[in-house]
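Letter by letter, the chains look like this.
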Amino acid sequence: MKKKYSAHMAALYGMMIALAFVLSFIETLIPISLGIPGVKLGLANLVTLAGLFTVGISGTVVISLLRIILAGLTFGNMFSMLYSLGGWALSMLLMVIARKKNWFGISGISILGGVGHNIGQICVAALVVQQAGVFFYLPFLLLAGTGAGLVIGILGSTIIQRIRSFIEKL
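Residues numbered from 1 in each chain as written. Predicted model: local features only at pLDDT ≥ 70, side-chain atom pairs only at ≥ 80, totals over all residues. Heavy atoms only, no water.

This next bit is on the overall build of the protein chain. Looking only at helices and strands, the protein chain has six helices and zero strands in total. Here the C-alpha atoms of the protein chain give a radius of gyration of 16 Å, agreeing with the 15 Å that 2.2 N^0.38 yields for 170 residues. The long-range share in the protein chain, meaning contacts at least 24 apart out of those at least 6 apart in sequence, stands at 70%. Of the roughly 9,700 Å² of accessible surface on the protein chain, 71% is carried by carbon and sulfur atoms. (Helix = DSSP H or I, 4+ residues; strand = E, 2+ residues; numbered from the N terminus. Rg over C-alpha atoms; globule rule 2.2 N^0.38 Å. Contact = heavy atoms within 4.5 Å. Areas by Shrake-Rupley, 256 points an atom, 1.4 Å probe, with all protein chains shown as cover.)

Printed below as a string of structure tokens:
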């Protein structure tokens, strides 16, 4: 019985990594220009959010980290991967703490993740360019992160409700 469960979980993780990777690719095709460099909706974070509420923290960390590395190697460069990893680290830390402490619901955790991602990225940018001037973008990025986090949170809530029963059957 344990082998069957392990196989189901391995398949589920593989599907979640593939879905996050495909959503990352789709996002590269969507031109969002708000006059602020690097603003994206964060479609792949749907998988991260769903993972936090369905498969748990450790599995979600592995899934989202692998997605960032694969997408960075495929669609980006070392700098884009560095920015993504910086944003991911703070975002994931904040979302995990909020999830464990039950501070917020799904949308609140998503917004926290979006804002954390932008703060992490701007901190990495400040280290890379060695200029504090990049923090000028922070209020705009926080607004964008809040909006994107809300959209992803609303979509994620619907997805989580629909897939939770399937995952519990594994």
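The end-to-end C-alpha distance of helix α5 (residues 106-129), which contains 24 residues, comes to 35 Å, matching closely the 34 Å that a straight helix rising 1.5 Å per residue would cover. Downstream of α5 by a residue or two, Gln-130 has a phi angle that is positive, lying close to 50°. (Expected span 1.5 Å × (residues − 1).)

Our next topic: the nonpolar core. Among the nonpolar cores identified, the biggest contains 28 residues, and Leu-49, Phe-53 and Ile-109 are the most heavily contacted of them. Those residues in contact with Ile-109, other than ones at most four positions away along the chain, are Leu-49, Leu-52, Phe-53, Met-95, Ala-98, Arg-99 and Phe-104. Membership of the second largest hydrophobic core comes to seven residues, among which are Val-39, Ile-122, Val-134 and Leu-138. (Core = buried A, V, L, I, M, F, W, Y, C linked by side-chain atoms within 4.5 Å. Buried < 20%, exposed > 50% of the residue type's maximum accessible area, 1.4 Å probe, protein only.)

Within the fold, Val-128 resides in helix α5. On a C-alpha basis, the gap between Val-128 and Gly-14 in space is 33 Å, while along the polypeptide they are 114 residues apart. Once residues lying within four places of it in the same chain are set aside, the contact partners of Val-128 are Phe-79, Leu-82 and Tyr-83.

A few words now on a nonpolar patch on the surface. On the surface, a cluster of nonpolar side chains totalling about 580 Å² of accessible area is made up of Val-22, Phe-25, Ile-26, Leu-29, Ile-30, Ile-32 and Phe-75. Looking at the nonpolar patch, the element that brings in the most residues is helix α1 (residues 2-29), giving four residues. Within the secondary structure layout, Leu-29 lies in helix α1. (Patch = residues over 30% accessible without salt bridge, like charges linked within 9 Å, V, L, I, M, F, W, Y side chains within 5 Å. Salt bridge = Lys/Arg side-chain N within 4 Å of Asp/Glu carboxyl O.)

With that out of the way, let us pick up the packing of helix α4 (residues 78-101) against α5. Close contact between α4 and α5 brings their axes to 7 Å; oriented N to C, the two are set at 140°. When you trace α4 past α5, the crossing you get is right-handed. Its residues assigned to classes, the contact of α4 with α5 comprises 14 nonpolar, nine polar and one charged. (Axes fitted to C-alpha atoms, helices over the stretch in contact; angles between N-to-C directions. Left-handed = near helix turned anticlockwise from the far one by under 90°. Nonpolar A, V, L, I, M, F, W, Y, C, P; charged D, E, K, R; others polar.)

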